[in-house]
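# Examining the three-dimensional arrangement
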Amino acid sequence: MAERITPRSQDYSQWYVDIVLKAKLADYAPVKGCMVVRPRGYALWERIQSVLDAMFKETGHSNAYFPLLIPESFLKREAEHVEGFAPELAVVTHAGGEKLEEPLVVRPTSETIIWSMYKKWVQSYRDLPLLINQWANVVRWEKRTRLFLRTTEFLWQEGHTAHATEAEAAEETLRMLGVYRRFAEEFLALPVLAGLKSDSEKFAGAVRTYSIEGMMQDRRALQAGTSHFLGQNFAKAFDVAFQTKEGGLDFVWATSWGVSWRLLGALIMTHSDDKGLVLPPAVAPTEVVVVPIYKNDTKDKVVEFARGFHRRLREHLRAEIDDDDANSPGWKFSEWELLGVPVRVEVGPRDIDAGKVVLARRDTGEKISVDAASAPERIRELLAEIQTSLFERARSFRDKNTFKAESFEELKAIFDGEGGFVEAGWCGAVECEAGIKEATKATIRALPLDSPGASGSCVSCGKQAVVRAVFARAY
RNA sequence: CGGGCUGUAGCGCAGUUGGUAGCGCGCAUGGUUCGGGACCAUGAGGUCGCCGGUUCAAGCCCGGCCAGCCCGACCA
């Protein structure tokens, strides 16, 4: 039977859920809000991990691991931090058959336990910088969950760095934002807007929060990664001071930054279509699949050829072959499209006789017949083309749906319509930000880093703007 | 935490005025097929979300509970 995917035009949310379930990326777990990542989804996460991890190492970071359970009192040391996270904590009160003296919080993020350790490890400027990342699971008891985008438990990485100077920490914050941006654009083919968060959107306990924001196909924004400049907030809360080179005593300057498996949600909602998943080749666990097409009398010849061809492909590519007898070629075509494999090779008796194979692109559906001998090279070119083309397509969609608004009426009109990213002047007042959210459901996604700065008047109150802000409805 | 919807085979669903459960897909076996989701035959698979009530009899009626998803407010 056709595994029907709800079309995007009919119900975008349901389309997203259908893709996740039917492309076998994940499934609902028995616990509310929790999700099982299936092998096809986990393979994607592993690709993300391996590339990002290499980028972190290149920028001087090392991996470590801190415990899942955090003494409840640690969370309370930083006032804003506890206020921000308290409502969504899972707390262990009993263990080993007894009530615990002090409840243990299942980490919603690891700043507090990490800074409690940094206190032991940092005495001198010679101990700095401390550049540590961890790959971990965290738990946040969210009211409303969505596969990959917001689950009760999720996998992520969190970098936590300690520096001797404010400037160095500020530089680190932006460096890692840059790493995220480059990773999103070059690897995931996601064009992202990099910028500063407004105070109301910043991380609980941060001085400044930066993020990268992608535009999904429904024109809503998705925060795809964050990098926080924490100032000396956590150093003060955990009393992490060090001897400076000059002999003085100073609190350490900090950053933290993270991306989660939410990136998979961003990938899906940016590139996929009504036939299923569409993956950028760089992230696709399988880059190319070979589908032999045969009748009874040609089966041996075709399968043998296809297997040989597959072996050649495997020398340089992540290649699979689907020579399962149970399904027809048409069924296989649809199935591999659903699973998002970027290039499909079709090999039948006609092709073999002509010394050709057919290459089918997942992103455009286009098919070309090429010489079998040069096909592996042609496939590699095609994969590169697909990678570029997906990025360009997404960027062009985003640019087409990015607007400037000079007045509240203009801004409102855009969000009364299809929405998108709207750049507008902002005076910096929380009342104006809240008023716009009230009227349009759009929030400030970012104050763009490459923005020309203040110009014109605030889109809400009309006073002199201090920054240009990008508004959008967000996930 | 509000609003909506839904719990019946692995999945999607039907089940009439209450009468003791069925369809499609999938799955298993065998055979025929195979260039865009093939077909035939045979077969396996169910404490109808849970508890209680009404009744000779409950998937269906009544009461309560639980769970899940989707939509909002809050968040990666």
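The rules we used
Residues numbered from 1 in each chain as written. Chains lettered and ligands numbered in written order. Predicted model: local features only at pLDDT ≥ 70, side-chain atom pairs only at ≥ 80, totals over all residues. Heavy atoms only, no water. Helix = DSSP H or I, 4+ residues; strand = E, 2+ residues; numbered from the N terminus. Buried < 20%, exposed > 50% of the residue type's maximum accessible area, 1.4 Å probe, protein only. Pairing = 2+ DSSP bridges. Phe/Tyr/Trp six-rings, centres within 6.5 Å; stacked < 30°, edge-to-face > 60°. Near = heavy atom within 4 Å. Polar contact = N/O pair within 3.5 Å; in protein donor to acceptor, adjacent residues only side chain to side chain. Nonpolar A, V, L, I, M, F, W, Y, C, P; charged D, E, K, R; others polar. Expected span 1.5 Å × (residues − 1). Domains from an automatic or database assignment. Contact = heavy atoms within 4.5 Å. Buried area = accessible area lost by both parts, 1.4 Å probe. Salt bridge = Lys/Arg side-chain N within 4 Å of Asp/Glu carboxyl O. Core = buried A, V, L, I, M, F, W, Y, C linked by side-chain atoms within 4.5 Å. Axes fitted to C-alpha atoms, helices over the stretch in contact; angles between N-to-C directions. Disulfide = S-S within 2.5 Å.

### Focus on unusual backbone geometry
Cis geometry is adopted by the peptide bond preceding P129, which originates at L128 and carries an omega value of -5°. Inspection of the secondary structure assignment puts P129 in the loop between helix 5 (111–121) and strand 7 (130–139). Located in the positive-phi region is K24, a residue other than glycine, with phi close to 60°. Take K24: it is sitting in the loop between helix 1 (12–22) and strand 1 (26–28). Positioned with a positive phi, D239 is a non-glycine residue whose angle comes to about 55°.

### Looking at the pairing of strand 22 (residues 443–448)
Counting buried residues along strand 22, six of its six residues qualify, which places the element largely inside the surrounding structure. Pairing of strand 22 with strand 23 (residues 467–472) involves three bridges; the strand directions are antiparallel. Bridge pairing in strand 23 places A446 opposite V470.

### Description of the packing of aromatic side chains
A full pass over the atoms with the stated rule returns 16 aromatic pairs. Ring centres of Y12 and W15 lie 5.0 Å apart, and the angle between their planes is 35°; on these two criteria the pair is classed as tilted. Of the two residues, Y12 and W15 both sit in helix 1, three residues apart, roughly one turn of that helix. The exposure classification of Y12 matches that of W15, with both residues buried.

### Focus: the protein's contact with RNA strand B
If you check the shell around RNA strand B, you find 47 residues, and the closest are S13, K32, R150, R262 and D351. Protein-adjacent atoms of RNA strand B, using a 4 Å cutoff, are sugar or phosphate at a proportion of 46%. With respect to RNA strand B, the side chain of S13 contributes an N or O atom lying 2.3 Å from a phosphate oxygen. Within the contact set of RNA strand B, a base nitrogen lies 3.0 Å away from a side-chain nitrogen or oxygen of W331. Along the lines of polarity and charge, the residues of the surface near RNA strand B split into 14 nonpolar, twelve polar and 21 charged.

### Here we look at helix 2 (residues 39–58)
Here helix 2 spans 28 Å end to end across 20 residues, near enough to the 28 Å set by a 1.5 Å rise per residue. What helix 2 keeps buried is the set G41, A43, L44, W45, I48, L52, D53, M55 and F56. In the segment just after helix 2, G60 is the residue with positive phi, at about 95°.

### Brief notes about the domain arrangement of chain A
Its domain assignment divides chain A into domain 1 (12–271), domain 2 (288–397) and domain 3 (402–472). Just the C-alpha atoms count here: the centres of domain 1 and domain 3 sit 28 Å apart. With 18 residues of domain 1 in contact, the opposing surface of domain 3 contributes 16 residues. Buried area between domain 1 and domain 3, both sides added, is near 1,400 Å², and the carbon and sulfur share of it is 61%. In this structure, the connection of domain 1 to domain 3 is made through three salt bridges. Salt-bridge contacts for R445 lead to E201; the nearest nitrogen and oxygen are separated by 3.4 Å.

### Some words on the environment of V459
Relative to the helices and strands, V459 is located in the loop between strand 22 and strand 23. As a C-alpha pair, V459 and P448 span eleven residues in sequence and 16 Å in three-dimensional space. Those residues within four positions of V459 in sequence are excluded, and the remaining contacts are A405, E406, S407, F408, L411, A424, G425, I436 and F471.

### Describing the nonpolar core
Ranked by size, the top nonpolar core spans 63 residues in total, and within it Y16, I48, L52, F148 and L188 carry the most contacts. For this core, the element with the highest residue contribution is helix 6 (residues 166–187), accounting for seven residues. Each of domain 1 (12–271) and domain 2 (288–397) contributes no fewer than three residues to this core. Here I48 is in contact with F183, F187, L188, L263, L264 and V283, once residues within four sequence places are set aside. The next biggest cluster of nonpolar side chains, apart from the first, holds 28 residues, and it includes Y118, I132, A206 and L230.

### Here we look at the sheet that holds strand 22
Here eleven strands make up an open sheet; going across it, the order is 3-7-8-14-11-10-9-22-23-21-20 and the pairing mixed. The open sheet has two edge strands, strand 3 (62–63) and strand 20 (402–404), and neither has a second partner. In the packing of helix 8 (residues 262–271) onto the sheet, contacts are made with strand 10 (208–215), strand 11 (221–231) and strand 14 (253–260), and the angle to strand 11 comes to roughly 145°.

### Here's the deal with the sheet that holds strand 5 (residues 90–95)
Here we have three strands laid out as an open sheet, ordered 4-6-5, and antiparallel in their pairing. The sheet terminates laterally at strand 4 (69–71) and strand 5, the two strands that pair on one side only. Neighbour-to-neighbour, the strand axes of this sheet turn through a mean angle of 45°, independent of strand direction. Pairing analysis gives five bridges linking strand 5 to strand 6 (residues 98–106), with the strands arranged antiparallel. Within strand 6, the position partnered with A90 by the bridge is V106.

### Looking at the state of the cysteines
Under the definition given, this model contains zero disulfides. Free cysteine C427: the closest other cysteine sulfur is in C432, separated by 3.7 Å. With relative accessibility at 19%, the residue C427 sits in the buried group.

### Here we look at the environment of Q10
Relative to the assigned elements, Q10 resides in the segment before helix 1. Using a relative accessible area of 62% as the deciding quantity, one classes Q10 as exposed. The sequence separation of Q10 and R314 amounts to 304 residues, and the corresponding C-alpha distance is 40 Å.

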